[in-house]
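# Commentary on secondary and tertiary structure
In case you want the letters, here they are:
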Amino acid sequence: MCRLAAITSSKYFSPMENILALETMKEGHDGSGLRLTLKDLKGEFIDLKEYPILSGICSKKGREILDTYMYEKGFKLLHRWSPKIKPVKGINARDFYFAGVYEYPDKWKDKSFEEKEALLLNIRLSLRKLGETDESIFVFSFYPDVITLKEVGDPLQVGEFFGLDKDSLKAKIIFAQGRQNTNYQINLYSCHPFFLQGYCTMTNGENTAFVSIREFLSSRGFPGYMGYNSDSEVFCHILHYCMKRLGYPITYYKDIITPLKWEEIELREDKEALTLIKQSLRQLCIDGPNMVIGFTSDGTTFMVQDAKKLRPGVVGGVKGKYALMSELCGLDKVILDRDKSKDIYPMKYDMVIVSPNAKEVKVWNQLQA
Amino acid sequence: MESATGLKVDFNHKITIKELPYIVKWREDRCKRCGQCTAVCPIGAIKPAVKFIRVIESGGDTQKPRPIRRVIHVIEQVNNMENACTDCAMCALVCPNNAIEPEYNPQNKFLFYKNRGGEGYKRGGRRNDPGVSTLDRIKFTRISMLTDPALDAGRHEFRVRSYIGKILPAEELPLKMEGGKLVVDKTKEKFIPPVREIFPIMIGSMSMGSLSPYMWEGLAMGVAYLNEIEKIPVVMCSGEGGFLLVLLKSRYIKYFILQIASGYFGWDSIIHTFPYMTEDPAAIEIKYGQGAKPGDGGLLMAAKVIKLIAEIRGVPKYVDLPSPPTHQTKYSIEKAVMKMIQFMFMAFGFRVPVYPKISGTRTAKAVLNNLARNPYAAALCIDGEDGGTGAAYNVSLDKMGHPIVSNIRKCYLDLVRQGKQNELPLIAAGGIGKRGNLAANTAALIMLGASAVAIGRYILQATADCLGDEYNRCNLCNTGKCPRGIATQDPKLYRRLNPDKVTERVVEVFKSADVKLRKIFAPMGRSIELPRSNKT
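Residues numbered from 1 in each chain as written. Chains lettered and ligands numbered in written order. Predicted model: local features only at pLDDT ≥ 70, side-chain atom pairs only at ≥ 80, totals over all residues.

## Describing the overall build of chain A
The helix and strand inventory of chain A stands at 10 helices and 16 strands. The globule rule puts the C-alpha radius of gyration for 369 residues at 21 Å, and the 20 Å found for chain A is close to it. Along the first, second and third principal axes, the C-alpha set of chain A runs to 60 × 45 × 40 Å. A total of 369 residues make up chain A; the buried ones form 56% of that total. Counted over contacts in chain A with a minimum sequence separation of 6, partners at least 24 positions apart contribute 73%. (Helix = DSSP H or I, 4+ residues; strand = E, 2+ residues; numbered from the N terminus. Rg over C-alpha atoms; globule rule 2.2 N^0.38 Å. Buried ≥ 20, exposed ≤ 12 C-beta atoms within 10 Å, placed from the backbone. Contact = placed C-beta atoms within 7 Å.)

## Examining the overall build of chain B
Counting its regular elements, chain B contains 16 helices and 20 strands. Taking the principal axes of the C-alpha coordinates as reference, chain B spans close to 115 × 60 × 40 Å. Every one of the 536 residues in chain B was classed for burial, and the buried ones make up 49%. In chain B, once contacts between residues fewer than 6 apart in sequence are set aside, the share between residues at least 24 apart is 77%.

## Side note on the nonpolar core
Ranked by size, the top nonpolar core spans 260 residues in total, and within it I238(A), M236(B), V354(B), I382(B), I408(B) and V453(B) carry the most contacts. Each of two domains, domain 1 (17-119) and domain 2 (162-167 + 197-517) of chain B, supplies a minimum of three residues to this core. (Core = buried A, V, L, I, M, F, W, Y, C linked by C-beta atoms within 7 Å. Domains from an automatic or database assignment.)

## Notes on the domain arrangement of chain B
Interface size is commonly expressed as the accessible surface area that is lost when the partners come together. All names here are of chain B. Once the domains are mapped, chain B shows domain 1 (17-119) and domain 2 (162-167 + 197-517). In this assembly, eight residues from domain 1 lie in contact with nine residues from domain 2. The residue inventory of the side of domain 1 that touches domain 2, partitioned by class, reads six nonpolar, one polar and one charged. (Nonpolar A, V, L, I, M, F, W, Y, C, P; charged D, E, K, R; others polar.)

## Topic: the interface of chain A and chain B
Tallying the contact residues gives 33 residues for chain A and 33 residues for chain B. Among the elements that line the side of chain A that touches chain B, the one with the most residues is helix 9 (residues 271-280) of chain A, at six residues. Looking at the side of chain A that touches chain B residue by residue, the class counts come to 15 nonpolar, nine polar and nine charged.

## Some points on the sheet that holds strand 9 (residues 194-196) of chain A
Residue and element names in this part refer to chain A. Read from one edge to the other, the open sheet built from six strands follows the order 9-10-11-12-15-16, with strand pairing classed as antiparallel. The sheet is open, and its two borders are formed by strand 9 and strand 16 (361-365), each paired with just one other strand. Across the sheet, the axes of successive neighbouring strands diverge by a mean angle of 20°, strand direction being ignored. Strand direction decides the pairing type here: strand 10 (residues 199-205) and strand 11 (residues 290-295), joined by six bridges, are antiparallel. (Pairing = 2+ DSSP bridges. Axes fitted to C-alpha atoms, helices over the stretch in contact; angles between N-to-C directions.)

## Describing the sheet that holds strand 5 (residues 96-103) of chain A
Residues and elements named next belong to chain A. If you walk across this open sheet you meet the four strands as 4-5-3-6, and the pairing is antiparallel. Looking along the sheet, the strands with just one partner apiece sit at the ends: strand 4 (76-81) and strand 6 (137-144). Shown here is a sheet whose adjacent strand axes are inclined to one another by a mean of 25°, direction ignored. Bridge count for strand 4 against strand 5 is five bridges, and the pairing is antiparallel. From the neighbouring strand, L77 faces strand 5, where its bridge partner is Y102. Docked against the sheet, helix 3 (residues 113-132) engages strand 3 (52-58) and strand 6, running at close to 170° with respect to strand 6.

## Comments concerning the environment of S232(A)
Residues and elements named next belong to chain A. Relative to the assigned elements, S232 resides in the loop between helix 5 (210-218) and helix 6 (233-245). A count of 27 C-beta atoms within 10 Å places S232 in the buried class. C-alpha separation for the pair S232 and G205, spaced 27 residues apart in sequence, amounts to 8.0 Å. In contact with S232, not counting residues within four places along its chain, are H192, T203 and N207.

## Description of helix 9 (residues 333-347) of chain B
Residue and element names in this part refer to chain B. Counted at 1.5 Å a residue, the expected span for helix 9 with its 15 residues is 21 Å, and the 20 Å between its end C-alpha atoms agrees. A bend of about 25° at K339 is the largest found in helix 9. Those residues of helix 9 that fall on the buried side of the exposure criterion are V337, I341, M344 and F345. Looking at the packing, one finds that the buried side of helix 9 touches strand 13 (283-287), strand 16 (354-359) and helix 10 (364-372). In the stretch just after helix 9, G349 is the one whose phi turns positive, near 65°. (Expected span 1.5 Å × (residues − 1). Bend = angle between axes of the 7 residues up to and from the residue.)

## As for the environment of E76(B)
Residues and elements named next belong to chain B. Mapped onto the secondary structure, E76 falls in strand 3 (residues 64-77). Taking the number of C-beta atoms within 10 Å as the measure of exposure, E76 has 16 and is therefore partly exposed. Between the C-alpha atom of E76 and that of G456, which follows or precedes it by 380 residues, the distance is 35 Å. In contact with E76, other than residues within four places in its own chain, are I46, K47 and A49.

## Thoughts on the packing of helix 5 (residues 213-228) of chain B against helix 16 (residues 499-521) of chain B
Residues and elements named next belong to chain B. Between helix 5 and helix 16, the shortest axis-to-axis distance is 7 Å and the interhelical angle comes to 45°. Taken together, the axes of helix 5 and helix 16 are oblique relative to one another. Crossing angle aside, the handedness with which helix 5 passes helix 16 is right-handed. Facing helix 5, whose interface residues are Y214, M215, E217, G218, L219, M221, G222, V223, Y225 and L226, helix 16 presents P499, V502, T503, V506, V507 and F510. Considered class by class, the residues forming the contact of helix 5 with helix 16 number 12 nonpolar, three polar and one charged. (Parallel < 35°, antiparallel > 145°, perpendicular 65-115°, else oblique. Left-handed = near helix turned anticlockwise from the far one by under 90°.)

## Topic: the environment of A452(B)
Residues and elements named next belong to chain B. You can see A452 is positioned in strand 20 (residues 452-455). Along the sequence, A452 and I198 sit 254 residues apart, while their C-alpha atoms lie 8.4 Å from each other. Excluding residues that lie within four positions of it along the chain, A452 makes contacts with S162, I198, P200, I201, M202, P425 and I427.

## Let's talk about unusual backbone geometry
Residue and element names in this part refer to chain A. Cis rather than trans, the peptide bond between H192 and P193 has omega equal to -15°. The topology assignment puts P193 in the loop between strand 8 (171-178) and strand 9. The phi torsion at D145 lies on the positive side, around 65°, for a residue other than glycine. Position of D145 among the secondary structure elements: in the loop between strand 6 and strand 7 (146-151).

## Overview of the packing of helix 13 (residues 438-448) of chain B against helix 16 of chain B
All names here are of chain B. Contact geometry for helix 13 and helix 16: axes closest at 9 Å, N-to-C directions at 50°. When the axes of helix 13 and helix 16 are compared, the pair comes out oblique. In this structure, helix 13 crosses over helix 16, and the sense of that crossing is right-handed. Here helix 13 contributes L438, A439, A440, T442 and A443 to the contact with helix 16, which in turn contributes A513, K516, L517 and I520. Taken together, the residues of the contact of helix 13 with helix 16 sort by class into seven nonpolar, one polar and one charged.

## A look at the confidence of the model for chain B
The pLDDT averaged across chain B works out to 92; a share of 98% of its residues lies at or above 70. Scoring the predicted complex yields pTM 0.94 and, for the interface, ipTM 0.93. (pLDDT = per-residue confidence, 0-100.)

Right under this line is the structure:
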C-alpha cells in the first residue's frame, strides 16, 4: 500500500512539505519511487502559465531525439527548468531531468484550447513511443502549468537528489506518492500520480477490477487511455472520462466507481440518470481496496474511498490550506496547527471536496445527495 | 456342429450380449421373482423367461446321481439392439432384494447396429463424451493475497447479478444538467431499450411439451419462489411451444422468457392473450439454433402431444410436431434477425428485451456483429456443442457443433475491440454443470466474457434426478418413456415425480450456486460487478 500526500493551498508552497509528510509515513513505502505532480506553479514559471510544460527524463541520445522532434513539430522552447541534481547514494542519476516550456506552433496558436489539448496529448504519446523501447525518453505530462517529477528511491532522498530543498519551485497544488511497489518490476511509468489533460489522481491500493476497466477504457477510441503500467492509472482516466468526455459533475465520479445499490438509488433525486449510468458504466465499478485522491482541471481536489472502505485516508487543515493524506501523521506534519476535531475521515459513501485555492472543504454524501 | 436337440444351429444375424452397451447382471439366488424390474424397464431390455434346465441330482435311497429336467423362472436380457439396456437402473431401484443391476460394457458395438429400419439413431441428452471438457479444466489463479485483501463472501456486500437488454453507451445517454444534477432529457425522445437485472444463471429453454407437467410446474414454482422470497432474480425460458395461458395472465410471467422458434408453436394463443396480460415477460428469445443439434430442427413426437399440449400449441392431439431447421420467413440475416427482433419489440410495446439464440458456430461472430449494430438486440445467446435436447440424431449430438468456451471468448473479445462489451450481453449455454460444477463453470464463462449462462440438463439432473450421463446412459427423452417422469406426458410416468420436491431442489441449487459464486469471486477481489479474465 503506497503512502499519499496531497496539499492544496491558497499560497504557493514547496514540494518538500509533501516529501516531509511522506517521511513520517515511511513505514508504508519501500523506496520504490517518488512522483510529484505540481499544478499552479510559481518561481520561474509564474509568467508562463498559458504555455504547455513538457516534463520528463531523457538519456543524452533521447534528448537529441526529443529536441529534433519538438523542433520539427514547430514547438519553440521558451524556458527549460532542470533540477540541480545532487548525487545521492542509492539513486542512479539519469542523464537529463527536465521541464520545458514550449510555445505552440504558429498554426495552432489561434485554435481552441480543446484542439490544443488534443495536440499536446498526441505529442506526448508520440514521444513516449519514440523512447519506450530503449528507455531513452520518458515523458510524464505535457500541459500548461503542470510539472511532473519521478524517480526511483526513497522520497526524502529523491527530494534531496532533485535539490528541491534549495529550489525555488513552488505550487498551489502538489500531489506526492511514496511507492510501495506491488507490480512485478519497478517501472517509471507506473508511479502515481497519473495525469491526463488536467485531471490527476493517485491511489493507495490494488485494483481488482483492473481488467474490466482497462478493456473498457482502451476501447473508448481515445488515444490517451493507454499505458496502464499500473492498475491505478485507470482511476485518473475514469475521472477524465467522467468529467471531460461525458461532462458529468465531479460527484458522479463517486457514483461511477462505487455505484449505489438499487434501493439506495431510489432515495436519490437523480435516480433516473443514476440508473442509466450504473448500467452503462458498470465496467468502471471498482471493488477496492482503494482510496483515491485527485484534482481536476479547475483546481478542485478530492478524496474518495472504495465501497467497502478498505483503505485509510484523512483530510484536514485550515482555510487556505488543506492536506489530503493517507495517514494522520502526514497531516500532522504539514498542518499541525488546526482544529483536529474537524479532521475528516471519509467513509464509504463520502467524497471530500476541497474547492480551488483551498477555500472550503465539504463532504458530499452519496446517499443524501 | 450338430445340436443335441436336432435343431439346426444358425446364430448369424443375432448379436451376443457382449455387443450391448450395458449388460444386466441378475442374481438368481437373490431374486424373488416379483417382476417389478421387468415392469418398470422403459425399454423392454429385460423380460421374464421360463427355462427348461437339466441338472444332475443325487437322491433316493442309494443317492445315485441322475439327470432331472426342471422348469425355472429367470430374468433375461433381450439381445436385441432395439431393446438394448440404457442403464437407467430403474430395475435396481425397484428391486427389493438388490438382485439386479446393469453394468457398462466398454466394448459394446451399439452404434454399429443402432440403425435398424434404415433410421438413424435418435435420442435425448447431450454429447456423449465422458472426458473432461475445457470448461472443467479452467481454474481461477488470480487470488488476492497481501497486496490486496481478499473480500469476505460472508461479511461484505455482494451482488452477483447481470443484465439482459441493450445497454446504451454512456455517450448516448439522453442526460442533461439541472441544478448540478444529471436528469434524463425527455425532449430528446431518445429510445432507452428495456433492461432486466437477472441472476447470471438462468434456466434455459425447455418446452412444456418436452417436459412433463409436473417437471415444468416444479421448475416454475422454484423460479417464482427464488424471485419472490429469496430475492434472487432467476429467470426461466419457456422453450418453443407456447405457455400456460393462466400463467401468461398472471404476475409471475415477469420471471419467464418466452421463446419463439421456427415452428411458431403456441404463439397464436400467446398473441390472443395479449389483452389479458397484466405484466410483461422477462424477455423474448428467438431461437435460431440449438447447440445440441446445430442446423437441425426440433420434433415433439406424437405421443407427447396430449390434450394440454395440443391446446397450448394450437394443434390436433397426437400428431408429430416438427419445427423446421430454419425460420421459413427468413432469407437473410437482415430479415431473420433485424426484422424479427423489431417485430417482437413492437408486439410487446418496446418494453421487453428481445434476443436471438444461436448454436455455437464459427460464424457466430458474423451474427454478433450484426446484433452489435442493431439498436434493439438485447443479448446474444450462444448454445455450445455440449447442450442438451429432448430429441436429436445421435450424429448431430456427438459430432456437430462448436465448444462454447472458445466461441464465447472470441465473441467477447470482438465486442471489446469495438468497445461494445457492455452494450450487448452474451449468454452462454451448452454443457454448463456437465460434471456437476455449476458455479465453477458459470464463473469460468463469466470470466471469459459471458454475462449470464443458461442451464438445462443440469437442472433436470440436480432437481429431478435425471439419470442421463455422457456414457449414453438413459437418454430416452425422445421416446416419451422417461423413467423419472421428467420428459414424458404419460401420467403413469410423470406421477412418479413430486413437483414440490423439484421446487425445493431448484431453490437449493440456486441458493448454493449464489454462495459458491461469491466464494469464487471474493478471493479474486470482486463483489459488485462480474470479473473478467485478461487471457487472450
